[in-house]
Structure formats: C-alpha cells, structure tokens
Amino acid sequence: MQWDKLLNTDSSIILSGEGISLLPVVALDRLLNILESKDFVVKAIALVRSPLDYAHSIAQQLIRGGQHLEIVGFGELRKPKKMPRLTIPDGCTEIKNLLKVFGSKLVCTPFHQACQHDAGPVGYLLDQFCGCKTLSNYDFKRTQESKSNIWVRYHNQLNSRWPRFDQKKKLNANYIQVPDVFKSSGKFRLTHSEFDLLRTQIEVSNATMRSLLGDEFIAETDDLSDDLTRQELLDLMIDLAKLIA
C-alpha cells in the first residue's frame with residue numbers, strides 16, 4: 001500500500017475486518033504508530049460476541065465448513081457427546097491485545113446490540129461510528145446468513161459420514177452440500193444438554209469477559225434451543241422426499 005500517497009490527502013480511512021483483532025500486539029502497535037504519525041485521529045471499535053453466542057456461531061461455522069461435531073446432536077436419533085479436545089474460542093485474548101494497544105481509544109459494543117439496528121451491524125457501525133444518520137442511499141447485502149436449526153443439525157450428520165475433507169486432508173468427492181429448502185426451525189442454537197457439555201469452558205470464558213468488559217457482554221443461558229422433536233424430524237423427511245420427487 002502506498003501510504004504516503006494515500007495519507008497526504010485530507011481523508012478518513014476505515015479499516016474493517018475480524019482479522020485485525022487476530023494481529024499480534026507488535027503488529028497492532030505498528031499499525032497504530034503509522035496512522036498517528038500521519039496525524040490521523042484513531043477511533044477503534046469492536047463488536048463483541050458473548051462466549052455463549054460465540055459457541056453457537058463457531059459450532060455452526062465448523063459444520064457449514066464440512067466438519068462433524070459429536071457435541072451437536074440430532075434429536076432422539078443422535079445424542080450429543082462430549083468432545084474433550086474441543087476448545088471453543090471466546091475472543092478474550094484478542095480483546096486483551098486490543099485493550100493493551102488502543103486503551104481508551106477502543107469502544108466495545110455487544111454484538112447483539114449492534115444486530116438490533118434496522119440495518120444490522122453494518123448499519124450500526126455507519127450510524128454510531130461513522131456518523132451516517134441517513135442510510136437510505138446504501139445498498140445492504142447479507143452474506144453468510146445463519147442457517148436454520150434443522151439445516152445445521154442435519155448437515156452435521158451428513159458430515160459424520162462424508163466430511164468436506166477425507167483422512168488425507170483432500171477434498172472429499174462424496175461431500176454433500178445441503179440445499180436450504182427445509183421448513184423453518186428457528187436459528188441454530190446449542191441445546192441445554194449440549195451446553196452442559198461445554199458449561200465449564202463457557203463459565204470460565206464468561207468470568208474473563210466479565211472482568212474485561214462487564215456483565216452486558218455475557219449472554220443469558222436461556223439463549224438455548226430445545227431438542228429436535230419427532231415432528232421436526234418427520235417434516236425433514238417430507239422435505240427431503242420433495243427434493244427427489
């Protein structure tokens with residue numbers, strides 16, 4: 001990037017991306033020093049998921065990526081199993097690094113709060129952080145939308161037999177990408193029994209998050225789903241029959 005050419009103009013720069021928080025402290029320090037050396041006033045904001053919300057999101061992301069998680073069940077047909085080697089990331093280390101570098105320049109907002117904006121988290125950032133109060137001129141496009149509860153759980157069972165990558169880490173020719181045509185079953189959330197298998201990890205993460213940012217960044221434990229019912233499994237079979245009819 002040609003910093004001198006870019007920074008010699010009277011302009012603002014927006015750097016956005018989850019990957020920024022993954023940078024080591026030395027890289028974040030360097031970025032901050034470059035911007036401040038060019039007389040930029042740095043404002044930093046982080047939309048922070050609670051540890052429980054992160055667990056929902058990561059589980060769905062891994063399943064959509066073609067992995068099988070034994071901890072995610074399938075109603076009465078497949079009960080969840082503990083995965084001793086499974087570690088759910090919580091973002092706490094990244095937040096510590098951001099606080100260490102940006103200090104009082106960093107504004108943290110609960111992710112669920114940003115999602116309540118009429119235009120979603122992007123609209124929230126444009127409104128609250130960039131001062132764009134009129135958003136009618138913007139064309140918002142949704143990508144990577146959450147899948148339904150039944151979709152994620154069914155895909156997880158297919159992944160158990162045909163994961164995206166085989167044991168040699170090569171693309172599996174038999175991998176199946178499930179179409180999103182099933183009857184709505186709400187957002188994917190861990191069930192109470194699945195949460196119990198992760199309870200210790202999440203409670204430790206909650207304690208760390210609370211010490212870093214406060215109680216408002218901790219999700220209530222009632223943000224969980226019920227086990228799939230027999231009727232939901234029957235509805236799934238009907239939807240599958242329609243696909244091949």
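The structure contained in this document is the topic of the report that follows. (Residues numbered from 1 in each chain as written. Predicted model: local features only at pLDDT ≥ 70, side-chain atom pairs only at ≥ 80, totals over all residues. Heavy atoms only, no water.)

Quick look at unusual backbone geometry
Notably, D39 is not glycine yet its phi reads approximately 65°, a positive angle. For D39, the position within the fold is in the loop between helix 2 (25–37) and strand 1 (44–48). (Helix = DSSP H or I, 4+ residues; strand = E, 2+ residues; numbered from the N terminus.)

Focus: the pairing of strand 1
Here strand 1 shows a buried face lined by A44, A46 and V48 and an unburied face lined by I45 and L47. In the sheet, strand 1 pairs with strand 2 (residues 106–110) via five bridges, with the strands oriented parallel. The residue bridging I45 from the neighbouring strand is V107, located in strand 2. (Buried < 20%, exposed > 50% of the residue type's maximum accessible area, 1.4 Å probe, protein only. Pairing = 2+ DSSP bridges.)

Brief notes about the packing of aromatic side chains
The geometry of two aromatic rings is summed up by the distance between their centres and the angle between their planes. Overall, the coordinates contain one aromatic pair when judged by the stated rule. Just above the ring of W151 sits the side chain of K147; from NZ or CZ to the centre is 5.1 Å. (Phe/Tyr/Trp six-rings, centres within 6.5 Å; stacked < 30°, edge-to-face > 60°. Lys NZ or Arg CZ within 6 Å of the ring centre and 35° of its normal.)

Considering the pattern of salt bridges
All chains considered together, the criterion is met by eight salt bridges. Between R230 and E76 there is a salt bridge whose closest N-O contact spans 3.3 Å. Of this pair, R230 sits in helix 9 (residues 230–244) while E76 sits in the loop between helix 3 (51–64) and helix 4 (92–102), placing them 154 residues apart in sequence. Take R230: its relative accessible area is 63%, and that puts it in the exposed class. Measuring nitrogen to oxygen at the nearest pair gives 3.3 Å for the salt bridge that ties D223 to R189. In this pair, D223 is assigned in the loop between helix 8 (192–213) and helix 9 and R189 in the loop between helix 7 (149–161) and helix 8, connecting sequence segments 34 residues apart. (Salt bridge = Lys/Arg side-chain N within 4 Å of Asp/Glu carboxyl O.)

The values reported here are purely geometric and, on their own, carry no functional implication.
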